[in-house]
Amino acid sequence: MARQLRAEQTRTTIITAAADLFDRHGYESTSLSDIVAHAHVTKGALYFHFAAKEDLAHAIMELQSSASRRIAGEIDDRGYASLEALIRLTFALTRLSVEGPIARAGLRLATGGVPVRPPLPHPFVELTDLISRRLGGALKESDIHQDVDIDAVAHSLVCFFVGTRVVGRTREPAGRLPRRMAEMWHVLIRGLVPVPRRPRYLSLAARLEREIMPAV
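The model shown is predicted, which means the values in this text are computed figures rather than measured ones.

With 22 residues, helix α8 (residues 150–171) extends 31 Å from end C-alpha to end C-alpha; this agrees with the ideal 32 Å at 1.5 Å per step. Those residues of α8 that are buried lie in contact with α4 (53–77), α5 (82–99), α6 (101–111), α7 (123–140) and α9 (177–192). Where α8 starts, the residue carrying a side-chain oxygen 3.2 Å from the main-chain nitrogen of D151 turns out to be D149.

Shown next, in the form of C-alpha cells:
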C-alpha cells in the first residue's frame with residue numbers, strides 16, 4: 001500500500017511539474033528532460049508512468065475534464081437556477097486557473113493543437129455542451145431573452161471565456177482572471193437577460209469575483 005501511495009504521489013508530482021512547464025513555456029518548447037528536472041525525479045520514474053510527452057499532455061487534459069464535470073455536477077446538485085449555475089461554473093473554472101497549473105496548462109494544450117484522444121472530448125466541445133445545457137434551462141426559466149439562439153450564444157460564450165484567459169495569460173497575472181470574468185458577465189448579462197432580472201445576476205457576478213480575489 002505504501003509503495004502504491006508513493007507511486008501515485010510521484011505521478012502527481014510529474015503531472016504538476018509538466019503542467020507548470022507547459023503553461024509557462026508551451027508544449028513544443030518543453031522536453032521530457034525539462035520535466036524530469038522540474039519534478040526532481042529520475043527519468044526512470046517518469047517513464048514508469050508516461051511513455052511519451054503526449055501521454056503527459058493527455059493526462060493533464062483528462063484531469064481538467066474530470067474537474068470540470070465534477071464541478072458542474074456539484075453546482076447542479078445545489079439546485080441553482082440554470083443561469084446562476086452557468087455563472088457559478090465559469091467562476092469555479094476560473095478559480096482552478098488561479099489556484100494551480102493544471103487548468104492553465106489544459107487551456108494552453110487545447111489551444112496549441114495537441115491531439116485529444118477519444119473517448120475524451122475536446123475541451124472546447126465539452127465546455128460548449130456544459131454551457132448549452134444551462135442556457136437551455138435559462139431560456140425555459142425566462143432568465144434570458146426568448147429569441148436567443150442557444151447555439152450561437154454558447155459558441156460566443158466559449159470564445160469569450162477562452163479568449164479572456166488566453167489574452168490574460170500573455171498580458172496579466174492569473175490573479176486578474178476573476179476581474180475579467182466579472183467584466184465578461186457584466187457585458188453578457190446586459191445583452192442576454194431581461195431588464196427586471198439583471199440586478200440579481202450582476203450582483204452574483206460581483207460577489208463571485210470577490211470570493212475568489214481574497215485567495216489570490
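That covers the picture; the talk isn't over yet.
The feature "DNA-binding region" (unreviewed entry), as given by UniProt, occupies residues 31–50 in the numbering adopted here. For the annotated span residues 31–50, helix accounts for 75% and strand for 0% of the residues, and the straight-line distance between the end C-alpha atoms is 13 Å.

All chains considered together, the criterion is met by 17 salt bridges. Residues R117 and D55 are paired through a salt bridge, measuring 2.4 Å at the closest nitrogen-oxygen approach. Residue R117 is found in the loop between α6 and α7, and its partner D55 is found in helix α4; the two are separated by 62 residues along the sequence. R117 gets classed as partly exposed once you look at its relative accessible area, which sits at 30%. Put simply, R180 and E172 hold a salt bridge, and the shortest N to O gap is 2.3 Å. Its relative accessible area of 26% is what places R180 among the partly exposed residues. Here the salt bridges do not stand alone but share partners, grouping E172, R176, R179, R180, E183 and E209 into one network.

A word on the UniProt feature "domain: HTH tetR-type" (unreviewed entry) in the chain. Sequence positions flagged by UniProt for "domain: HTH tetR-type" (unreviewed entry) are, in local numbering, residues 8–68. Note that residues 8–68 is 80% helix and 0% strand, and that its end C-alpha atoms are spaced 22 Å apart.

Tracing the backbone through its elements, the reader meets R11 in helix α1 (residues 2–25). The spacing of R11 and H49 is 38 residues in sequence and 6.5 Å in space, taken between C-alpha atoms.

Let's shift gears to the layout of surface pockets. Size it by volume and the largest pocket reaches roughly 250 Å³. Mapped onto the lining of the largest pocket, the elements with two or more residues apiece are α4, α5 and α10 (198–212). Each residue belonging to the lining of the largest pocket can be placed in one class, and the counts come to 7 nonpolar, no polar and 5 charged. Looking at the second largest pocket, its volume works out to about 160 Å³. D23, S97, A103, R104, L107, R165, G168, R169, E172, P173, A174 and L177 together form the lining of the second largest pocket. For the lining of the second largest pocket, the secondary-structure elements that each account for two or more residues are α6 and α8. For the lining of the second largest pocket, a count of residues per class yields 5 nonpolar, 2 polar and 5 charged.

What counts as what
Residues numbered from 1 in each chain as written. Predicted model: local features only at pLDDT ≥ 70, side-chain atom pairs only at ≥ 80, totals over all residues. Heavy atoms only, no water. Helix = DSSP H or I, 4+ residues; strand = E, 2+ residues; numbered from the N terminus. Expected span 1.5 Å × (residues − 1). Contact = heavy atoms within 4.5 Å. Polar contact = N/O pair within 3.5 Å; in protein donor to acceptor, adjacent residues only side chain to side chain. UniProt positions renumbered as here; feature names shortened; annotations may be inferred. Salt bridge = Lys/Arg side-chain N within 4 Å of Asp/Glu carboxyl O. Buried < 20%, exposed > 50% of the residue type's maximum accessible area, 1.4 Å probe, protein only. 1 Å grid on protein atoms, 1.4 Å probe; cavity = no way out; pocket = protein on both sides within 12 Å on 5 of 7 lines; lining within 4 Å. Points joined across faces, edges and corners; volume = space filled by probe spheres on them. Nonpolar A, V, L, I, M, F, W, Y, C, P; charged D, E, K, R; others polar.

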